[in-house]
Amino acid sequence: MGVPTGSIYVPERVREASAETAHVHPGDRLSPARRLAYVLLLGALTALGPFTVDLYLPAFPMLQDDFGATESAVQLTLTGTMVGFAVGQLIVGPLSDVVGRRTPLLIATTLHVIASTCAIFAPNLAVLGVARVLMGIGAAGGAVVAMAMVRDLFAGRRLVTMLAQLALVTGVAPVIAPLIGSGLLEVMPWQGIFVVLACYGALILACALFALPETRPKTDRATAETTSIRHRYRIVFSDRVYVGVLIIGAMTFSGLFSYLSSSSFLFQETYGLTTIQYGAVFAVNSIGLVIGNQIAARLAARFGPQWVLAFSTSILLVAAAAIPVCAALVEGPWGVIVPLFFFMSACGFTFPCAQVLALDRHPDAAGTAASVLGAANNGVAGLVSPLVGVIAIWTGGITPLSMASIMIACSVVGILSLWLIVRPRTLGQLAP
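Some thoughts on the overall build of the chain
Scanning the chain for helices and strands turns up 17 helices and zero strands. A separation threshold of at least 6 residues defines the contact pool for the chain, and within that pool the share at least 24 residues apart is 86%. Summed over all atoms, the accessible surface of the chain reaches about 16,700 Å², with 70% contributed by carbon and sulfur.

Structure (structure tokens):
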């Protein structure tokens, strides 16, 4: 079975022979100012997903009290969001390859606004859970279309740089979202968070409608129309490297969301932090995600993204294992906060490198490749993260050990995928 080829890995002799006739991608013609505008707008689109997830995390204890629900039941609303996010990407991605990027984006974002409005008036946790699923589906449009648009415009080392810059913009969302959520909860009930999300979705919808041009040419769409969705899926799944980084990304996301789904209970109930203090802790740890994103771009261009992944997946395992050890040795939350910072930083190294290894190999099916990557990340994370609550039943509540156990397991699977499936030594450097 043939392995799909892209612009990411080209034998040295071929690169030398074709250097003078190298293809110029559309994004290479953009001015620095226009390129920055794309980063900001596409970053705002992608940030809708993190805001949808992170803004209401400080409200978990309030939801538990208002609805008389268990910790696991409240965490299921997060699971529903992530599953919806995964399903939405599987729909939007292939569709955007055929009809263009804008139309699926506008439809999905409209759904997000409607679902956010329904969440405001949810009378019980079940209705809120359904609204959260629909919000996840709606937020998926921005996530998958933004990645596909970047791939439409860029390739090779430029793609790494643009994905890292996009990650810098979107990295701000998880940093400030818990702070905003904590601040909102000081002056209004938890329903106010969904008012903010509805307004943000409406703003994104207006920006996409009036300021975002189509990046998928009609000629490419015509080609996609003659290629079945099944065939495009077969193309990406026949690529060993793509499958390997798909697993790495999903496991890294699952470890991250195991922390996200349990952090409010751990820090606010176990360690007694206020909502403001929790938001500050979350923000400090999320800064590591931003730092890792930016350093990863430089290292990937110089050494290759596969070797950055070799470093980052190892740090993920070491940091996750250090959480229960440091928590036992250090009194108070700092024993958890410090190793979490390194875990988040390693996530920042991992995500852009996994994305470029996956997307750059499939320029003709960027929407499909991006949708599967995002769906795997969020779908698997949504299914794995509630296991922290299941383990907590046995351990007497959310503890550093119950949280870290899932993070450790995910890190181990990611490392095995890198060395047994991706096999870094078989890959070359990024093409210019």
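After that view of the structure, there is still more to cover.
Things to note about the packing of helix 13 (residues 305-329) against helix 14 (residues 334-359)
Helix 14 packs onto helix 13 with a crossing angle of 160° between their chain directions and a minimal axis gap of 8 Å. With respect to their mutual orientation, helix 13 and helix 14 come out roughly antiparallel. Seen from above, helix 13 lies across helix 14 with left-handed handedness. Here the contact of helix 13 with helix 14 is composed, by residue class, of 24 nonpolar, four polar and no charged.

Concerning empty space enclosed by the protein
Considering all chains together, one arrives at three cavities of 30 Å³ or more under this definition. For the second largest cavity, the calculated volume is near 50 Å³. In this structure, the second largest cavity is lined by Ile-248, Met-251, Thr-252, Thr-313, Leu-316, Phe-343, Met-407, Cys-410, Ser-411, Gly-414 and Ile-415. Looking at the lining of the second largest cavity, the elements that each hand over two or more residues are helix 11 (240-270), helix 13 and helix 17 (400-422). With five residues, the single largest contributor to the lining of the second largest cavity is helix 17. In terms of residue class, the lining of the second largest cavity is made up of seven nonpolar, four polar and no charged.

Some thoughts on the confidence of the model for the chain
Averaged over every residue, the pLDDT of the chain is 82; the share at 70 or more is 88%. Every residue in residues 1-22 scores below 50 in pLDDT, and together they form 39 contacts with partners more than four places removed in sequence or on other chains.

Focus on unusual backbone geometry
One non-glycine residue, Arg-423, lies in positive phi territory at about 55°. With respect to the helices, strands and loops of the structure, Arg-423 is situated in the segment after helix 17.

Digging into the environment of Gly-367
Looking at the element boundaries, Gly-367 is found in helix 15 (residues 366-384). Taking the C-alpha atoms as reference points, Gly-367 and Met-147, separated by 220 residues in sequence, lie 7.9 Å from one another. Discounting residues that sit within four places of it in the chain, Gly-367 has contacts with Gly-93, Pro-94, Ser-96, Asp-97, Arg-101, Val-144 and Ala-148.

Digging into a nonpolar patch on the surface
A cluster of nonpolar side chains, Phe-303, Trp-307, Val-412, Leu-416, Trp-419 and Leu-420, forms an exposed patch at the surface whose accessible area comes to about 570 Å². With four residues, helix 17 is the largest single contributor of residues to the nonpolar patch. Structurally, the position occupied by Val-412 is in helix 17. A residue is classified by how much of its surface remains accessible, and Val-412, at 36% relative accessible area, is partly exposed.

About the criteria used
- Residues numbered from 1 in each chain as written.
- Predicted model: local features only at pLDDT ≥ 70, side-chain atom pairs only at ≥ 80, totals over all residues.
- Heavy atoms only, no water.
- Helix = DSSP H or I, 4+ residues; strand = E, 2+ residues; numbered from the N terminus.
- Contact = heavy atoms within 4.5 Å.
- Areas by Shrake-Rupley, 256 points an atom, 1.4 Å probe, with all protein chains shown as cover.
- Axes fitted to C-alpha atoms, helices over the stretch in contact; angles between N-to-C directions.
- Parallel < 35°, antiparallel > 145°, perpendicular 65-115°, else oblique.
- Left-handed = near helix turned anticlockwise from the far one by under 90°.
- Nonpolar A, V, L, I, M, F, W, Y, C, P; charged D, E, K, R; others polar.
- 1 Å grid on protein atoms, 1.4 Å probe; cavity = no way out; pocket = protein on both sides within 12 Å on 5 of 7 lines; lining within 4 Å.
- Points joined across faces, edges and corners; volume = space filled by probe spheres on them.
- pLDDT = per-residue confidence, 0-100.
- Patch = residues over 30% accessible without salt bridge, like charges linked within 9 Å, V, L, I, M, F, W, Y side chains within 5 Å.
- Salt bridge = Lys/Arg side-chain N within 4 Å of Asp/Glu carboxyl O.
- Buried < 20%, exposed > 50% of the residue type's maximum accessible area, 1.4 Å probe, protein only.

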